[in-house]
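# Results of the structural survey
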Amino acid sequence: MFASVSSHLPQASVYLAHPLAQIGVFMAASALMIWRLQAIEGKGFGGTVLGTLIMPYCSGFANLVFAYVMSRAGGKGSTVMENCLVNNVTNLTLILGLTTLCFGVTAVNGKSKKVPEQAQRLKRLDLLFTLVALFLFTGTLWALAKDGVLDFYDGLVLVGLFVFWQILHVFEILKNNVRKNQGFQWSIVLDLLLIAVSAYGVFKSVDYLVDWVSHVKSPYIGVKDLGWLSGALMVLPNAFIALYYGYAGRQDIVVSSQVGDGHICIPMCIGLFALFDRITIPGFFQIGIYVIAGAAALHFLFILLMGRLPRALGLVLLAGYGVFVYTGLVQQ
């Protein structure tokens, strides 16, 4: 019996040693993360805080893994920067643009629940606060990158900003739980263990795909496209989050999860990499920053004035994504 089982193991490993199979592993691990993530919302975490504090680590974990894998190779700072810019721009334009076109008429508080006016105002303020942080992080990166490189001290500033931002949210959770006289449920430990298992699956699949792209012999893709390809792939878990919560009518989580995932990339991923290796700024850095800032400004204005993102805004966001892709891929 054992001989029979062992004879099938090499065949299974052959199937897994294929880029499409590893993409499948990546997607399955990300889906497991999102599934347990959804369960955590009712265990001491509010909607907007969930989208800002917990979800980004799950959907953005692959970006952290990618930065780690690139740090082992050395001299890949530009690739990490490309990955993070593509990720952030895609989140704020393509994903939010598509979900806004599909679900833009839904207010930030859900389809069926009557939410008190005070709760609506608090959710709106939470979203605006998250977008203000995006301006701060992106503006700081733009200022630090003016000399064309990011070094150890630049990375220290970026990581310090991110850690402070996360501490603010931890205290916000603790304050809310004190107000509601509730604590965390112990079952959250099981959820976190399952998330850890899925995180390992993400790590192994990303490691394999990076190695495959680096060595593949193809006229269409190669190591020079690694930043763009990885950035596009790692946005997929966030797309699932946006579509699910958009359908559920939770535009507050849709927006906060996309913006929060951007916080993982800028400043966390870039800052961590810069602590160990210098980053040379790529050529399309400026257009990426401008698109991120422009999209964030539109989100801020519409949420401030209307409390939601209207359908018409989706077309503008998709156009911004098209400009970014044309400038970054076609003109480079």
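## A look at the overall build of the protein
- Along the protein, the regular secondary structure elements total 13 helices and 2 strands.
- Taking all 332 residues of the protein together, 49% fall into the buried category.
- In the protein, 85% of the contacts between residues at least 6 apart in sequence involve partners at least 24 apart.
- Total accessible area on the protein stands at roughly 15700 Å², and carbon and sulfur atoms take up 70% of it.

## Some words on unusual backbone geometry
- The omega torsion of the bond from Ile 266 to Pro 267 falls at 25 degrees, within 30 degrees of zero and hence cis.
- The residue Pro 267 is located in helix H11 (residues 251-276) in this model.

## A word on a nonpolar patch on the surface
- Taken together, the side chains of Val 163, Ile 167, Val 170, Phe 171 and Leu 174 define a hydrophobic patch exposed on the protein surface, amounting to about 430 Å² of accessible area.
- With respect to the helices and strands, Val 170 occurs in helix H7 (residues 152-180).
- For Val 170, a relative accessible area of 40% puts it in the partly exposed group.

## Let's talk about the packing of aromatic side chains
- All chains considered together, the criterion is met by 5 aromatic pairs.
- With centroids separated by 6.3 Å and ring planes inclined at 65 degrees, the aromatic side chains of Phe 135 and Phe 300 adopt a geometry described as edge-to-face. Remark: Phe 300 occurs in helix H12 (residues 285-306) and Phe 135 occurs in helix H6 (residues 117-144); sequence separation between them is 165 residues.
- Look at Phe 135 and you get partly exposed, because its relative accessible area is 32%.
- Both rings, one in Phe 284 and one in Phe 324, keep their centres 5.7 Å apart while their planes meet at 65 degrees; by these two values the pair is edge-to-face. On the criterion of sequence distance, the pair formed by Phe 284 in the loop between strand S2 (279-280) and H12 and Phe 324 in helix H13 (residues 311-330) is long-range, its members being 40 residues apart. Phe 324 matches Phe 284 in its accessibility class, with the two residues each being buried.

## Quick look at the side chain of Asp 154
- Residue placement: Asp 154 occurs in helix H7.
- The buried charged residue Asp 154 lacks any salt bridge partner; its closest oppositely charged side chain belongs to Arg 278, at an N-O distance of 7.3 Å.
- The contacts of Asp 154, once residues within four sequence positions are left out, are Leu 144 and Val 149.

## Looking at the packing of helix H5 (residues 77-103) against H12
- Taken N-terminus to C-terminus, the directions of H5 and H12 make an angle of 30 degrees; their axes are 10 Å apart at the nearest point. Our classification of the angle between H5 and H12 gives roughly parallel. For the pair H5 and H12, the sense of crossing is left-handed. Touching Met 81, Leu 85, Asn 88, Val 89, Leu 92, Thr 93 and Leu 96 of H5 are Phe 285, Gly 288, Ile 289, Val 291, Ile 292, Ala 295 and His 299, all from H12.
- Partitioned by chemical class, the residues of the contact of H5 with H12 number 10 nonpolar, 4 polar and no charged.

## What about the packing of H6 against H12?
- Close contact between H6 and H12 brings their axes to 10 Å; oriented N to C, the two are set at 160 degrees. Considering the angle they form, H6 stands roughly antiparallel to H12. At the point where H6 passes H12, the crossing takes the left-handed sense. Where H6 abuts H12, its residues Arg 124, Leu 127, Leu 128, Leu 131, Val 132, Leu 134, Phe 135, Thr 138, Leu 141 and Trp 142 lie against Phe 285, Gln 286, Ile 289, Ile 292, Ala 293, Ala 296, Ala 297, His 299, Phe 300, Ile 303, Leu 304 and Met 306.
- Here the residues of the contact of H6 with H12 sort into 18 nonpolar, 3 polar and 1 charged.

## Here we look at the nonpolar core
- Core analysis: the biggest nonpolar cluster contains 80 residues, and Met 81, Leu 141, Leu 150, Val 206 and Ile 270 have the highest contact counts within it.
- It is H11 that contributes the most residues to this core, 12 residues altogether.
- Sequence-distant contacts of Ile 270, defined by excluding residues within four places in its chain, comprise Met 81, Cys 84, Leu 141, Leu 150, Leu 158, Cys 265 and Ile 279.

## Re the environment of Val 197
- Tracing the backbone through its elements, the reader meets Val 197 in helix H8 (residues 188-215).
- Note on Val 197: relative accessible area 55%, which makes it exposed.
- With 168 residues separating them along the chain, Val 197 and Ala 29 place their C-alpha atoms 7.9 Å apart.

## What to know about H6
- The terminal C-alpha atoms of H6, which comprises 28 residues, lie 41 Å apart, in line with the 40 Å expected from a rise of 1.5 Å per residue.
- Taken together, the buried positions of H6 are occupied by Lys 123, Leu 127, Leu 128, Thr 130, Leu 131, Ala 133, Leu 134, Phe 137, Thr 138, Thr 140, Leu 141 and Leu 144.

## Focus: the state of the cysteines
- Counted according to the given criterion, the structure contains 0 disulfides.
- Between Cys 84, a cysteine without a disulfide, and Cys 265, which holds the nearest cysteine sulfur, the sulfur-to-sulfur distance is 4.3 Å.
- Taking the relative accessible area as the measure of exposure, Cys 84 reaches 0% and is therefore buried.

## Quick notes on the confidence of the model for the protein
- Summing up the model confidence of the protein, the mean pLDDT is 80 and the portion of residues at 70 or higher is 81%.
- Segment residues 1-12: pLDDT under 50, and 0 contacts once partners within four positions in sequence are set aside and those in other chains are kept.

Reading the values: rules and limits
Each chain carries its own residue numbering, running from 1 in the written order of its sequence. Side-chain atom pairs in this predicted model are given and counted only at pLDDT of 80 or more, local residue features only at pLDDT of at least 70, and totals for whole chains, interfaces and linings cover all residues. Based on all heavy atoms of the structure, the side-chain values leave hydrogens and waters out of the count. Segments assigned H or I by DSSP are reported as helices when at least four residues long, segments assigned E as strands when at least two residues long, and all are numbered from the N terminus. Three exposure classes are used, based on accessible area relative to the maximum for each residue type with a 1.4 Å probe and protein chains only: buried under 20%, partly exposed in between, and exposed over 50%. It only takes one pair of heavy atoms within 4.5 Å for two residues to be counted as in contact. Using a 1.4 Å probe, accessible areas were evaluated by the Shrake-Rupley method; residue-level cover was limited to the displayed protein chains. Exposure above 30% relative accessible area and the lack of any salt bridge qualify a residue for a patch; like charges then connect within 9 Å, and the nonpolar side chains Val, Leu, Ile, Met, Phe, Trp and Tyr within 5 Å. Any Lys or Arg side-chain nitrogen found within 4 Å of a carboxyl oxygen on Asp or Glu counts as a salt bridge. Working definition: rings of Phe, Tyr and Trp (its six-membered ring) pair if their centres are within 6.5 Å, and the pair is stacked with planes under 30 degrees apart, edge-to-face with planes over 60 apart, and tilted otherwise. For the purpose of counting charges, residues Lys and Arg are taken to be positive, whereas Asp and Glu are taken to be negative. His and the chain ends are not included. Structural elements are reduced to axes, namely lines fitted to C-alpha atoms, with helices fitted over the stretch in contact, and the angle between N-to-C directions of any two is expressed from 0 to 180 degrees. We call two directions roughly parallel when the angle between them is under 35 degrees, roughly antiparallel when it is over 145, roughly perpendicular when it lies between 65 and 115, and oblique otherwise. Two helices cross in a left-handed way if the nearer one is turned anticlockwise from the farther one by less than a right angle. They cross in a right-handed way if the turn is clockwise. Residues are sorted three ways: Asp, Glu, Lys and Arg are charged, Ala, Val, Leu, Ile, Met, Phe, Trp, Tyr, Cys and Pro are nonpolar, and all the rest, Gly among them, are polar. In these notes, a set of buried Ala, Val, Leu, Ile, Met, Phe, Trp, Tyr and Cys residues joined through side-chain atoms within 4.5 Å is what counts as a nonpolar core. Helix span, as expected, comes to 1.5 Å for every residue beyond the first. We call a pair of cysteine sulfur atoms a disulfide whenever their separation is within 2.5 Å. The pLDDT score gives, residue by residue, the confidence of the prediction method on a 0 to 100 scale.

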